[in-house]
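Next come the chains, spelled out residue by residue.
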Amino acid sequence: MELGYGFLPVAWGKGYATEAVKTVLEACGKERKLWDAFEKVFVRAIVNEENTASQRVLAKTEMKELGVHTWDGDGLWLAGKWRTRDRLRIYGMFVVE
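From a predicted model like this one, the values you see are computed outputs, not experimental measurements.

Draft legend 1. Layout of the overall build of the protein. Counting secondary structure elements, the protein contains two helices and three strands. In sequence order, the protein lays out its α and β elements as α-β-α-β-β. Along the three orthogonal principal directions, the C-alpha set of the protein runs to about 40 × 30 × 20 Å. Sequence-distant contacts in the protein: of pairs separated by 6 or more residues, those separated by 24 or more amount to 64%. Of the accessible surface of the protein, which amounts to about 6900 Å², a share of 55% is contributed by carbon and sulfur atoms. Taken together, the 15 basic and 14 acidic charged side chains of the protein have centroids lying 4 Å from each other.

Draft legend 2. Looking closely at the nonpolar core. Judged by nonpolar contacts, the single largest core of 17 residues is most densely connected at Leu-3, Leu-25, Leu-58, Met-63 and Val-95. At the level of secondary structure, the elements contributing two or more residues to this core comprise helix H1 (16-30), strand S1 (41-48), helix H2 (52-60) and strand S3 (81-96). What Met-63 contacts, discounting residues up to four positions off in sequence, is Leu-3, Leu-25, Val-43, Arg-44, Ala-45, Leu-58, Tyr-91, Gly-92 and Met-93.

Draft legend 3. Just the pattern of salt bridges, in detail. Enumeration over the complete set of coordinates arrives at eight salt bridges. For the salt bridge of Glu-50 with Arg-83, the shortest nitrogen-to-oxygen distance reads 3.1 Å. Of this pair, Glu-50 sits in the loop between S1 and H2 while Arg-83 sits in strand S3; the two residues are 33 residues apart in sequence, bridging distant segments of the chain. For Arg-83, a relative accessible area of 6% puts it in the buried group. Here Glu-65 ties to Arg-89 by a salt bridge, and the two come within 2.3 Å at their closest N and O atoms. Of this pair, Glu-65 sits in strand S2 (residues 64-78) while Arg-89 sits in strand S3, and the two are 24 residues apart along the sequence. The exposure class assigned to Glu-65 is partly exposed, which follows from its relative accessible area of 39%. Several salt bridges converge on common partners, so that one network encompasses Glu-49, Glu-65, Arg-87 and Arg-89.

Draft legend 4. Broad picture of H1. Helix length check: H1, at 15 residues, gives a terminal C-alpha distance of 21 Å against a target of 21 Å (1.5 Å per residue), a fit within 8%. Every buried residue of H1 is listed here: Ala-17, Thr-18, Val-21, Leu-25 and Cys-28. Summarising the axial view, the buried residues of H1 lie within an arc of 105 degrees, below the 170-degree limit, and thus occupy one face. H1 presents Glu-19 and Lys-30 as exposed residues on the side facing more than 90 degrees away from its buried surface. In this structure, the buried side of H1 is in contact with S1, H2 and S3.

Calculation criteria
- Residues numbered from 1 in each chain as written.
- Predicted model: local features only at pLDDT ≥ 70, side-chain atom pairs only at ≥ 80, totals over all residues.
- Heavy atoms only, no water.
- Helix = DSSP H or I, 4+ residues; strand = E, 2+ residues; numbered from the N terminus.
- Contact = heavy atoms within 4.5 Å.
- Areas by Shrake-Rupley, 256 points an atom, 1.4 Å probe, with all protein chains shown as cover.
- Lys, Arg positive; Asp, Glu negative; His and termini not counted.
- Charge placed at Lys NZ, Arg CZ, Asp CG, Glu CD.
- Core = buried A, V, L, I, M, F, W, Y, C linked by side-chain atoms within 4.5 Å.
- Buried < 20%, exposed > 50% of the residue type's maximum accessible area, 1.4 Å probe, protein only.
- Salt bridge = Lys/Arg side-chain N within 4 Å of Asp/Glu carboxyl O.
- Expected span 1.5 Å × (residues − 1).
- Arc of directions from axis to C-beta.

Put into structure tokens, the structure is as follows:
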């Protein structure tokens, strides 16, 4: 599964993202019936390297940093500017094992 979230700037720095991500991950782990067809369920989140706030959120929710991917490609609007190269931090964890 992919995990994604976004908040308006007025909500930044108030703990909403951490609370929301923790709640989703806990619910995924508790609701075993959702995953009956699967032996394991892994959640992944990809964060722009410049987004240190989201990196802190994921660290607080016990997601582990798995590596860094350097992306090269056509122009992409990301985090307020056009990019043709970016470094993305990959986080993940099993919610069902």
